[in-house]
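Analysis of the macromolecular model
This is what each chain is made of:
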Amino acid sequence: LAGNEYAAAINDSNFEYSIEIHASIKSGRHSIEIIASDKDNNAGTASIIIYINPIQTALRLKLNSESLEPRQELEITPLLYDQANDIINEDISIEVYDPKNNLIFTDVAKSNSVARFLMPNSSIPGSYEIRLGSSKLKSKAKFQVTQLADLDIEIENQSLAIKNNGNIKFDNPIKMLFNPGQIASVKKISLRPQKKISIDLRDKVQSGIYDISVSYGEKTIEFKNIEINAKDKVSMNLVYYLISIVFLAIILYLGAAKIATGKKRRLKEEHE
């Protein structure tokens, strides 16, 4: 049986023998071959088929990576082993929990097959836990999601549309360079994950067609042949002039109110 030989004595044409199944015997179909012979070399053979049921001894998993960024794919391969350290073909439940113990992914996969999960843009950095379950065993494993600072930048209606596609708050300056002319503009951005802001480019340069590059950290995004129609700017002289008119109007109003009050007082005194 399974490559092992045993001997039993025949007594009055009968024999009886107990075989202890080895703890690491392979699961599945086995044949017990029986050979009987006498002192005159007469021999006969027979066989018995038995089936060894697998015993679940270990539930493990294999990951494509133990450290991921948002938008990267996590590949989970559950591995269920029997007493002979062979794979058992059984459904395994899979659950993934984020650092706040929120369930973010669940699936069922056969042992030694791959379950895939694309990490969301909003995946918070930290330690994530994978929980596996078979009909008899349970196990856990961890992986890490790293910090990612990433901006999605586009030109929309002569404005710079910026979205934080990372998983941490972006709190850094960005530099805008307008060519030709090499006009530079720097703006501090404070933006939480998955939030958006818009920067109007029309008050940065005069009307014209520009090549625009936007830089932050070690990244640079370039836009070619962007037409910008600058806003009409009110001159400072006009602003001062309008302020003076308003100020003068207030003085005249207050003076007129004072005169009217004095006149009413005199009329009242004359009447009395």
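Before going into details, it helps to say that this report is about the structure given with it. (Residues numbered from 1 in each chain as written. Predicted model: local features only at pLDDT ≥ 70, side-chain atom pairs only at ≥ 80, totals over all residues. Heavy atoms only, no water.)

Points about the sheet that holds strand β4 (residues 67-68)
Each strand in a sheet pairs with its neighbour through backbone hydrogen bonds, running either in the same direction (parallel) or in the opposite one (antiparallel). Stated formally: In this analysis, strands are considered paired if DSSP registers two or more bridges between them. We count a stretch as a helix when DSSP gives it H or I for four or more residues in a row; a strand needs E for two or more, and each element gets its number in order from the N terminus.
As summarised here, the arrangement of the 5 strands in space is β4-β10-β9-β6-β7, forming an open sheet in which the pairing is mixed. The open sheet is flanked by β4 and β7 (103-110), the only strands paired with a single partner. Of the pairings in the sheet, the one linking strand β6 (residues 91-97) to β7 comprises 7 bridges and is antiparallel in character. Across the sheet, residue I94 finds its bridge partner in β7, namely D107.

Details of unusual backbone geometry
Not every positive phi belongs to a glycine, and A2 is a case in point at roughly 50°. Not every positive phi belongs to a glycine, and N41 is a case in point at roughly 70°. Relative to the helices and strands, N41 resides in the loop between β1 (28-37) and β2 (43-52).

Topic: the environment of P54
Note the threshold: Any pair of residues with heavy atoms lying within 4.5 Å of one another is described as a contacting pair.
Mapped onto the secondary structure, P54 falls in the loop between β2 and β3 (58-63). In this structure, the C-alpha to C-alpha distance between P54 and A84, residues 30 residues apart in sequence, is 8.6 Å. Not counting the four nearest positions on each side in its chain, P54 is found in contact with S27, D82, Q83 and I88.

Quick notes on the pattern of salt bridges
Spelled out, the test is: By definition, a salt bridge exists where a carboxyl oxygen of Asp or Glu is found within 4 Å of a side-chain nitrogen of Lys or Arg. Any residue under 20% of the maximum accessible area for its type is buried, any over 50% is exposed, and the rest in between are partly exposed; the area is computed with a 1.4 Å probe on protein chains only.
By the definition in use, this model includes 11 salt bridges. Among the ionic pairs, E222 bridges to K224, the shortest N-O distance being 4.0 Å. Just as E222 is exposed, K224 falls in that class too.

Thoughts on the sheet that holds β3
Under the convention used in this document: Note on geometry: axes are lines fitted to C-alpha atoms, helical ones only across the stretch in contact, with angles between N-to-C directions running from 0 to 180 degrees.
In space, the 3 strands of this open sheet follow the order β3-β5-β8, with antiparallel pairing throughout. With partners counted over all chains shown, the strands left at the sheet margins are β3 and β8 (115-118), one partner each. Along the sheet, successive strands turn relative to each other by an average axial angle of 25°, direction set aside. Bridge count between β3 and strand β5 (residues 73-81): 6 bridges; the pairing is antiparallel. Note that in β5 the partner of K62 across the bridge is T77.

Describing a nonpolar patch on the surface
Put simply, the rule reads: Exposure above 30% relative accessible area and no salt bridge define the residues that can form patches, which grow by joining like charges within 9 Å and nonpolar side chains of Val, Leu, Ile, Met, Phe, Trp and Tyr within 5 Å. Here the Shrake-Rupley method, with its probe set to 1.4 Å, supplies the accessible areas, and only the displayed protein chains count as covering residues.
A contiguous nonpolar surface patch, about 560 Å² in accessible area, is contributed by Y6, I10, F15, Y17, I19 and I21. Topologically, F15 is positioned in the segment before β1. Judged by its relative accessible area of 47%, F15 falls in the partly exposed class.

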